[in-house]
Protein chains: 8
Amino acid sequence: MTDAEIVAMLRRYKDGRLSEREAVAYLEKSSVEELGFAEVDHARERRQGFPEVIYGEGKTGEQVLAIMESLAKSSAGSVMATRMSAEKAAFVQERLPEAEYDAVSRILYIERPARRDAAHMVLILSAGTSDIPVAEEARLTAHLYGNVVKVHYDCGVAGIHRLFAHRADIEAANVIIVVAGMEGALTSVVGGLTDKPVIAVPTSVGYGAAFHGVTALLAMLSSCAAGVSVVNIDNGFGAGVLASRINHLR
Amino acid sequence: MTDAEIVAMLRRYKDGRLSEREAVAYLEKSSVEELGFAEVDHARERRQGFPEVIYGEGKTGEQVLAIMESLAKSSAGSVMATRMSAEKAAFVQERLPEAEYDAVSRILYIERPARRDAAHMVLILSAGTSDIPVAEEARLTAHLYGNVVKVHYDCGVAGIHRLFAHRADIEAANVIIVVAGMEGALTSVVGGLTDKPVIAVPTSVGYGAAFHGVTALLAMLSSCAAGVSVVNIDNGFGAGVLASRINHLR
Amino acid sequence: MTDAEIVAMLRRYKDGRLSEREAVAYLEKSSVEELGFAEVDHARERRQGFPEVIYGEGKTGEQVLAIMESLAKSSAGSVMATRMSAEKAAFVQERLPEAEYDAVSRILYIERPARRDAAHMVLILSAGTSDIPVAEEARLTAHLYGNVVKVHYDCGVAGIHRLFAHRADIEAANVIIVVAGMEGALTSVVGGLTDKPVIAVPTSVGYGAAFHGVTALLAMLSSCAAGVSVVNIDNGFGAGVLASRINHLR
Amino acid sequence: MTDAEIVAMLRRYKDGRLSEREAVAYLEKSSVEELGFAEVDHARERRQGFPEVIYGEGKTGEQVLAIMESLAKSSAGSVMATRMSAEKAAFVQERLPEAEYDAVSRILYIERPARRDAAHMVLILSAGTSDIPVAEEARLTAHLYGNVVKVHYDCGVAGIHRLFAHRADIEAANVIIVVAGMEGALTSVVGGLTDKPVIAVPTSVGYGAAFHGVTALLAMLSSCAAGVSVVNIDNGFGAGVLASRINHLR
Amino acid sequence: MTDAEIVAMLRRYKDGRLSEREAVAYLEKSSVEELGFAEVDHARERRQGFPEVIYGEGKTGEQVLAIMESLAKSSAGSVMATRMSAEKAAFVQERLPEAEYDAVSRILYIERPARRDAAHMVLILSAGTSDIPVAEEARLTAHLYGNVVKVHYDCGVAGIHRLFAHRADIEAANVIIVVAGMEGALTSVVGGLTDKPVIAVPTSVGYGAAFHGVTALLAMLSSCAAGVSVVNIDNGFGAGVLASRINHLR
Amino acid sequence: MTDAEIVAMLRRYKDGRLSEREAVAYLEKSSVEELGFAEVDHARERRQGFPEVIYGEGKTGEQVLAIMESLAKSSAGSVMATRMSAEKAAFVQERLPEAEYDAVSRILYIERPARRDAAHMVLILSAGTSDIPVAEEARLTAHLYGNVVKVHYDCGVAGIHRLFAHRADIEAANVIIVVAGMEGALTSVVGGLTDKPVIAVPTSVGYGAAFHGVTALLAMLSSCAAGVSVVNIDNGFGAGVLASRINHLR
Amino acid sequence: MTDAEIVAMLRRYKDGRLSEREAVAYLEKSSVEELGFAEVDHARERRQGFPEVIYGEGKTGEQVLAIMESLAKSSAGSVMATRMSAEKAAFVQERLPEAEYDAVSRILYIERPARRDAAHMVLILSAGTSDIPVAEEARLTAHLYGNVVKVHYDCGVAGIHRLFAHRADIEAANVIIVVAGMEGALTSVVGGLTDKPVIAVPTSVGYGAAFHGVTALLAMLSSCAAGVSVVNIDNGFGAGVLASRINHLR
Amino acid sequence: MTDAEIVAMLRRYKDGRLSEREAVAYLEKSSVEELGFAEVDHARERRQGFPEVIYGEGKTGEQVLAIMESLAKSSAGSVMATRMSAEKAAFVQERLPEAEYDAVSRILYIERPARRDAAHMVLILSAGTSDIPVAEEARLTAHLYGNVVKVHYDCGVAGIHRLFAHRADIEAANVIIVVAGMEGALTSVVGGLTDKPVIAVPTSVGYGAAFHGVTALLAMLSSCAAGVSVVNIDNGFGAGVLASRINHLR
């Protein structure tokens, strides 16, 4: 349902051609499109400022395609599917050529123009090179949601001067995303250097006692620095959405 | 070191009576007060906008008193000690009568005036009555850091109309803190109703498979709602600080 | 052993041609068919109202075939093998053409007619599209055991209006199965909306802190809603059997 | 709000003295009584067939008293508070003398008359003597909710003839609750003997590798017997409610 | 070193042609054959009654071959390598044709004659068909170590009459090995039926909350039946060795 | 039921004065004494060679007393209650003066004469002084069940000569119990020195990563030495019973 | 056995008055003093350079006293008992007045003179004030073992300038012990600043997801800085011993 | 930056041609080479005595190649990349022929001459043959960092004479690395035999309750032997670096 359709409906309601009841029913019905295997939530854009995002894992290429097409029609904003394998992405792109695929972050997306405010910058720091795919998922998400994003990768605390080299950006940022695996110590150091909100993303980088990201997750939750909060392991997408929500506050 | 002292020092530096080196050393030294058992970080207020907060657990009454006195002198902001038992609080209050103690949140504090912006409201929702101590720790923290805070307790999802009754406040809030134990499902429902950042605080309320808050923690991290991030179990303080940081962004 | 054979034996017992001892021994022996690698429990149908179900995982195609043939002969009810890969199913179907295979739920089955009571409906709700295979295992199981089953998929709590759209079915259901991964919050919301028994099935959908279904499992066990019980992760079959047992009570 | 009040309100609505909107608002408002620390859910009785039950842990005696008085006034059914220490119970009883306290199950309750159907019996089996407090919580709960309940304690599988001695009751029962700690094996044996729903309650009885009930919980979830579902560790109350819901189905 | 060589050496020692020191050094040196990657412990047969057994996992085919040849020369008893993949086994068999491979238990072995005492029987019971590979590892191990072994597979407690059908063997056995996955309840029931030692082997059979054998392991350790001990998950070999040790006591 | 009573009954059965059915019923009934809270299993002595043992934890003094009196009357063997606090033991002893209490192992017992075979010795080794209570529980249990028991405490592997000093006893033993906390390494060293069965008892001695005995438990289960099996953490009783069962085999 | 006694014995051996065998037996026997509950390892000082240290937890005051007296007589070095409660320490001190008690580290000790090499300094850094007891256990241990020790407490990474203020000491140290709870991030930062060995001690400081030191432990093990190793949670003693061993290498 | 370049820069600074500020900036900038995906830390060699080591896992062949080339140019020491698959190594070697690949330890390296001090030997002991890859990673690392390294593999405690055969080397070593999986008991025995620092490396060798190295890790952390510290599971590299740091102390 486009904005025009909504306005038309609302005017009919105001004119009395549509009862309140009918209006409510109309709105509720139109916002959920039954595809059989999925109920596409077209109301989310109105409710939450961005269209529903497709979680690609566990869905077939056909399912992603159908939902993506449905969203692309109904929504004026960018459309995204996360956690897409190269094969599944290729399947969708063949049928939906406007979709682009980013192989590092594994996001399939249709980008729509967005206003970006340079004075409100999202900064993404990653501890190591291996954390880049997760960091890129956060970056592309925040970008598609209309933010100016800056990144510095591979500045973990074992060579702390690499972090301090980016101190100006840390001070300039409005929100900071820290992406780190292993022991996730970067979070606490960054958290102590800024008075802006810090979103920590533990990654599954590491081995043995790193427990596929659990250690980084627990370490970030136990951080001695205040003002830090944590999202799920490897959840670059979640961090990007949250950073965007925060970054759009005025 | 007060602001006046800093200005005096900086002027001497500009006048050339103090070398850059001396200035840096002076600043660094003065910002860390050695108490033997603790290095009080007076620079934090400049760096992060609020004075160091004392984590009361594992510190003796004498230690809390000494740090609190040191901070009260050097800082213009409110001074807080969290996780204070009634006994330890009474010990400090006897010697520092301006300190107030809130028995529910177990915070000992000296409140200083703060400007509050009613248009930017922090909303705190708790799932049950037993979550109130943690929610109150968040509330008092956010209040002391100069925020307008509103609370609704006992609106867990097993009686979801209790939550919907507060829908107007959910829409009006600038940041939302959700405090819940057991399975922490309130987070996902609230996360789906708003486009503002949601900070989830798992509590240790529950028994058996609630594992002292671990289940709520994991559930919140795995939430199907985007825009949600999580702090440590029972960490009302951390949620309050983070909400304040976000709420002060413009 | 068919019913006719049982009746014959019992009459011989009544006539005194068979001692009680012999009768007991005969019954016990005949109800367990030794296949070498398995002792097929033909008495289960008498004891529990449905024939033994084959757990396909860890069994070879030959083993499943042998047990399935043995049950198909001795039982009047539907025969099922769960967790069957497509390859193993094809192997059995080639030799036992009356067997059908459902690729989504991975059940291989021989359906026999059953009476269904429309006034006693089993409702299955799933949180997301990725939960469908588990939900379908529950659905097909309950169907084969003679129940009227209704399903609504993809109605997770992050868009709670999608759930409320099915409120009439929630009220009409006699038993409700909730299938959800990630944080499993759907269970608590549904549990609070109904006074019927709710069976929660955690799924391994999700990543990181979802821990392959453990988080959903723990969250469902810790649910703040009463009247809810839980089966093993991804155990759609178990939920279907239990729902059927409950749904047949009068 | 009593039934009379509801009827009065509904008639005014029918007469047009109350708009639909007002009626809805009235109903919603009246069903949630704001006590400040708790929102008492008086609608639950209408919605779910029994009044809200008070979870005593983490609530003060004053809070339990206030909620209990509120429920006792508004509800026609029995009123219960679970997990009440003897001290807290005594505090409430002093001010609310009609409340009775059961020291084994730690339930504080006001019993109201209920119709019980002897043909639909709930059977509770416990593995050991130490499981009795949890089993009694289930028994008293199911009793207060209007069920005929029968119990056999200390019939664990290490002396399996003790279980078989109760085979007649197992066959007669409409729903069976199995309460067991340690390895919880009783569940699987009972599950194999009946075609009725079995609700398993793991208890924290045991030591070392019993992990305070976690082992029994996992074992019950992994039970090789179908038709079994599980509630939280030591959650006799939850089992009692669920058994009651199932037992009232026709 | 053969027995003959040992005797020769001992005589030289007695005759004084070898000092005690030399004798000790000779014995110690000869009992450890350095292969570079492994120190083959030829003394084990003297010390523990059976030659060293090769743990095949993590060893290359070449390594297994070299150790096996070394043991086959020095030992009069059967030689075994466990956890051998079919490929690795074929590699060894090509070069060591006397070695036999059992594909179910994945043991590669050279059997040597052994005296077996029919009056001392080792009984192996498995709960399900999927447990057979582990049970067979125990069976073949105990057999190679010179025991009379009897097996009954697929007699789990969900159909407890299947177990009772083997009661005579349970009474006749000298040691009992119980092999079970999922919730491992068979252990407790068997433990309560016998006064002989019971060795429980948890298997990784099951899914979800079975946690790859951990649940069965914990359940067996927490068994309410005394006289039961437990070996590692899927450790049929360990159970076979221990049963043999016990079964050879007089 | 005494042996005399059984004989009397059996004769009446042989004489035809009692039908088989009646005999069976008589035996079954008499072997389970209903105490309300417990079903005392008097048949266990016949079935398993020793009377039921009372697990004292979670039972009241009254309950222990009642069961102990019941067993003392019906059984000719020693009677034991484990995990008895000093207070509970004193309560029972006051009313049952023949009961003795061992404060180290926390066993309350009535010792009856037993034949002991010096040629079959149970050896108990403990790693440290802190493991003694658990080791003593094993020792007293094995002693009461009619075994010759020898102990060596504080011979952990960090000073391995302390262990080697007891090599003669290790060789002479028929069964060995190893009691160790922390990392439990003693098990593997002893397991490699003997060809007799080794029962490992992990204890909750240690801190931090010892996880209250879990580390010792896992280490013992993963022992590189064959012929070792494990009982629950701190389960000296279980080890004593199992050692006794093994030690009585001929 | 004093050095003089050893020399005397060795001379008698050289003179032929003692056979080699006797000498070995004499040495072995004299080095283990049987106290019944403990085998005091007097040889450890010769073997490992310091006398056995008493682990006070789980030992009675009488046991500690007896071992301490035994060691004080036989050893020329300092004697220590760790993890001593104030009560147990007072009990020993009453009877052994030369023993001193340090209430922070909970060590009871008899200090003997030691040579200390100022050019080889052990540096101990702690993250917070609450980590001091563990840090002090490390400090006093290293001191008693003859090291020059320097400490800086409360220099966690959330205020990283506090750490950098001690950079000169970090460069001067020969070994560094890092004591930290919560997320233990200090380890990685220090590990990146030095080329000396770093010993990390996780502490149980923190709450919730800090899991009593487990998170710090895992984070330290997963540290992105090389050259770091870890001891058990709260194991200040172990860190002190290891630092001493390293610091005495030349 | 080569040493020559550094000297040149320092002289210009001394001559006044470069201000201190410029010198510092020059040093900091030149020490971090931005490759886009990685910030190569050339300063590490100066700061920590060895060039940055590349963690190969999670990096593409191109990334490893670029970093390796950058390090090979700037560093005079050996250059290493760990955890390299054979494919990735071949990719790099094709373009960088001086790089050698060790297939057992999976290290790709360019060896540069180093002085080795035979009087300071690093000894590596492994428990089993399957631990060799991890032990070799430690060996090659320590070798490349300029140490004399000696190894003995397959000397686990189940045949403890195999360990004692290497007692002379244990006494001669300056630092000992113990590599063991399963229950890791070798650590405690070695720790008790030496007064030198022991570095324990748990390996993921084992199955079931060995939990991929977690059991060995916990056991080593809980070791009853003092002077032992632990690195991450399978972290042969970390152990090699730490041993080298310790071994170079004078």
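Here the structure is a predicted model, which means the values were calculated and not measured.

Criteria and cut-off values
- Residues numbered from 1 in each chain as written.
- Chains lettered and ligands numbered in written order.
- Predicted model: local features only at pLDDT ≥ 70, side-chain atom pairs only at ≥ 80, totals over all residues.
- Heavy atoms only, no water.
- Helix = DSSP H or I, 4+ residues; strand = E, 2+ residues; numbered from the N terminus.
- Buried < 20%, exposed > 50% of the residue type's maximum accessible area, 1.4 Å probe, protein only.
- Contact = heavy atoms within 4.5 Å.
- Areas by Shrake-Rupley, 256 points an atom, 1.4 Å probe, with all protein chains shown as cover.
- Buried area = accessible area lost by both parts, 1.4 Å probe.
- Salt bridge = Lys/Arg side-chain N within 4 Å of Asp/Glu carboxyl O.
- Nonpolar A, V, L, I, M, F, W, Y, C, P; charged D, E, K, R; others polar.
- Lys, Arg positive; Asp, Glu negative; His and termini not counted.
- Pairing = 2+ DSSP bridges.
- Axes fitted to C-alpha atoms, helices over the stretch in contact; angles between N-to-C directions.
- Arc of directions from axis to C-beta.
- Right-handed = clockwise from strand over helix to strand, strands pointing away.
- Least-squares fit on C-alpha atoms with pLDDT ≥ 70 in both.
- UniProt positions renumbered as here; feature names shortened; annotations may be inferred.
- Phe/Tyr/Trp six-rings, centres within 6.5 Å; stacked < 30°, edge-to-face > 60°.
- Lys NZ or Arg CZ within 6 Å of the ring centre and 35° of its normal.
- Expected span 1.5 Å × (residues − 1).
- Domains from an automatic or database assignment.
- Polar contact = N/O pair within 3.5 Å; in protein donor to acceptor, adjacent residues only side chain to side chain.
- Parallel < 35°, antiparallel > 145°, perpendicular 65-115°, else oblique.
- Left-handed = near helix turned anticlockwise from the far one by under 90°.
- pLDDT = per-residue confidence, 0-100.

A. Structural view of the overall build of chain A. Along its length, chain A carries eleven helices and eleven strands. Looking at chain A as a whole, 65% of its 250 residues are labelled buried. Long-range contacts, defined here as pairs at least 24 residues apart, represent 67% of the contacts in chain A between residues at least 6 apart. Summed over all atoms, the accessible surface of chain A reaches about 8,900 Å², with 53% contributed by carbon and sulfur.

B. Main features of the interface of chain F and chain E. Listed as interface residues are 29 residues of chain F and, on the opposing side, 30 residues of chain E. In total, about 2,600 Å² of surface goes out of reach between chain F and chain E, with carbon and sulfur atoms giving 58% of it. Inspection of the region where chain F meets chain E yields zero salt bridges. For the side of chain F that touches chain E, the secondary structure elements donating two or more residues are α3 (44-48), α9 (186-193), α10 (214-221), β11 (228-230) and α11 (236-247) of chain F. The element best represented in the side of chain F that touches chain E is α11(F), accounting for five residues. Residues that form the side of chain F that touches chain E fall into these classes: 13 nonpolar, eleven polar and five charged.

C. Spatial organisation of the side chain of Glu183(G). Of note, Glu183(G) is situated in the loop between β9 (175-180) and α9 (186-193). Here Glu183(G) occupies a buried position and makes no salt bridge, while the nearest side chain of opposite charge, Arg162(G), is found at 9.7 Å. Ignoring sequence-local partners within four residues, the contact set of Glu183(G) consists of Ser188(A), Ala219(A), Ser222(A), Ser223(A), Cys224(A), Ala216(G) and Ala219(G).

D. Highlighting the sheet that holds strand β3 (residues 54-55) of chain G. All names here are of chain G. Spatially, the four strands line up as an open sheet ordered β3-β4-β6-β5, and their pairing is mixed. Each edge of the open sheet is held by one strand with a lone partner, namely β3 and β5 (100-102). The pairing of β5 with strand β6 (residues 107-110) spans three bridges and is antiparallel. Note that in β6 the partner of glutamate 100 across the bridge is tyrosine 109. On top of the sheet, helix α5 (residues 86-95) reaches β5 and β6; it is set at about 170 degrees to β5, its chief contact. Strands β4 (79-82), β5 and β6 of the sheet are contacted by helix α6 (residues 132-144), whose axis makes an angle of about 15 degrees with β6.

E. Representation of helix α5 (residues 86-95) of chain A within the structure. All names here are of chain A. Taken residue by residue, α5 has Lys88, Ala89 and Val92 as its buried positions. Projected down its long axis, α5 shows its buried positions confined to an angular sector of 100 degrees, all on one face. Facing away from the buried side of α5 by more than 90 degrees, the exposed set consists of Glu87 and Glu94. Contact partners of the buried residues in α5: α4 (61-74), β5 (100-102) and β6 (107-110).

F. Just the pairing of strand β10 (residues 198-202) of chain B, in detail. Residues and elements named next belong to chain B. Burial analysis of β10 places five of its five residues in the buried class, which makes it a mostly covered element. Taking every second residue as pointing to the same face, both faces of β10 are buried, with Val198, Ala200 and Pro202 on one and Ile199 and Val201 on the other. Pairing geometry for strand β9 (residues 175-180) and β10, over five bridges, is parallel. When the sheet's bridge partners are listed, alanine 180 is paired in β10 with proline 202. Of the strand pairs in this sheet, β10 and strand β11 (residues 228-230) are connected by three bridges, and their pairing is parallel. Bridging across to β11, alanine 200 finds its partner in valine 230. A crossover links β10 with its parallel partner β11, the connecting element being helix α10 (residues 214-221), and its sense is right-handed.

G. Up close: the relation of the copies chain F and chain E. The transform that puts chain F on chain E rotates by 180 degrees and translates by 0.0 Å along the axis, for an RMSD of 0.1 Å. On this basis, the relationship between the two copies can be described by a two-fold rotation axis. By C-alpha distance to the rotation axis, the residue of chain F lying nearest is Arg250(F), at 2.1 Å. The share of interface residues of chain F whose copies in chain E are also at the interface is 100%, consistent with both copies meeting through the same surface.

H. The arrangement of the UniProt feature "domain: PurE" (unreviewed entry) in chain A in detail. In the numbering used here, UniProt assigns the "domain: PurE" (unreviewed entry) feature to residues 120-249 of chain A. The span residues 120-249 of chain A is 39% helix and 19% strand, and its two end C-alpha atoms sit 10 Å from each other.

I. Up close: the packing of aromatic side chains. What the rule picks out here adds up to twelve aromatic pairs over all chains. One cation-aromatic arrangement involves Arg167(D) over Phe164(D); the distance from NZ or CZ to the ring centre is 5.4 Å. Sitting over the face of the ring of Tyr207(D), Arg83(F) holds its NZ or CZ atom 3.7 Å from the ring centroid.

J. Representation of helix α6 (residues 132-144) of chain H in the model. Residues and elements named next belong to chain H. With 13 residues, α6 extends 18 Å between its outermost C-alpha atoms, agreeing within 8% with the 18 Å of an ideal straight helix rising 1.5 Å per residue. Burial of α6 is extensive: ten of the 13 residues sit out of reach of the surface. Among the residues making up α6, those that are buried are Ile132, Val134, Ala135, Glu136, Glu137, Ala138, Leu140, Thr141, Ala142 and Leu144. Of the residues one or two after α6, glycine 146 is the one with positive phi, at around 85 degrees.

K. Representation of the domain arrangement of chain A in the model. All names here are of chain A. Domain assignment breaks chain A into domain 1 (31-110) and domain 2 (121-247). Using only C-alpha atoms to locate each centre, domain 1 and domain 2 end up separated by 26 Å. Between domain 1 and domain 2, the contact holds 13 residues from the first and 14 residues from the second. Counting every contact that joins domain 1 to domain 2 gives zero salt bridges. Counting the contacts that link domain 1 with domain 2 gives one residue pair in polar contact (both at pLDDT 80 or more). Counting residues per element, the ones that place at least two in the side of domain 1 that touches domain 2 are β4 (79-82) and β6. Partitioned by chemical class, the residues of the side of domain 1 that touches domain 2 number seven nonpolar, four polar and two charged.

L. Geometry of the packing of α10(F) against helix α10 (residues 214-221) of chain H. Interaxial distance between α10(F) and α10(H) falls to 9 Å at its minimum, and their mutual angle equals 125 degrees. Put simply, α10(F) runs oblique to α10(H). Of the two elements, α10(F) crosses α10(H), and the hand of that crossing is left-handed. Within the contact between the two elements, α10(F) uses Thr215(F), Leu218(F) and Ala219(F) and α10(H) uses Thr215(H), Leu218(H) and Ala219(H). The class makeup of the residues in the contact of α10(F) with α10(H) is four nonpolar, two polar and no charged.

M. Region of interest: the confidence of the model for chain A. Summing up the model confidence of chain A, the mean pLDDT is 87 and the portion of residues at 70 or higher is 81%. Interface confidence in the predicted complex, given as ipTM, is 0.84; pTM for the same model is 0.87.

N. Local environment of the sheet that holds strand β6 (residues 107-110) of chain B. Residues and elements named next belong to chain B. Within the open sheet, the four strands sit side by side as β3-β4-β6-β5. Their pairing is mixed. Of all strands in the sheet, those with a lone pairing partner are β3 (54-55) and β5 (100-102), marking the two edges. Here helix α4 (residues 61-74) sits on the sheet and contacts β3, β4 (79-82) and β6; the angle it forms with β4, its principal contact strand, is near 160 degrees.

O. Fine view of the environment of Ile124(F). All names here are of chain F. Of note, isoleucine 124 is situated in strand β7 (residues 121-126). In this structure the C-alpha to C-alpha distance between isoleucine 124 and phenylalanine 91, which are 33 residues apart in sequence, comes to 31 Å. Once residues within four sequence positions are removed from consideration, isoleucine 124 is found in contact with Ala135, Ala138, Arg139, Val149, Lys150, Val151, His152, Tyr153, Ile177 and Val179.

P. Region of interest: the side chain of Arg83(E). For Arg83(E), the location among the structural elements is in the loop between β4 (79-82) and α5 (86-95). Glu137(E) provides the closest opposite charge to the buried, salt-bridge-free Arg83(E), at an N-O distance of 4.1 Å. From its side chain, Arg83(E) meets the backbone oxygen of Asp234(E) in a polar contact 2.9 Å long. Dropping the residues within four chain positions of it, Arg83(E) is found in contact with Tyr55(E), Gly56(E), Glu57(E), Arg106(E), Glu137(E), Ile233(E), Asp234(E), Asn235(E) and Tyr207(H).

Q. Summary view of the environment of Val148(C). All names here are of chain C. Relative to the assigned elements, valine 148 resides in strand β8 (residues 148-152). Overall, the relative accessible area of 26% leaves valine 148 in the partly exposed class. Distance from valine 148 to leucine 125, taken between C-alpha atoms, is 14 Å for residues 23 residues apart in sequence. In this structure, valine 148 is in contact with Arg116, Asp117, Ala118, His120, Met121 and Val122, ignoring residues within four places of it in sequence.

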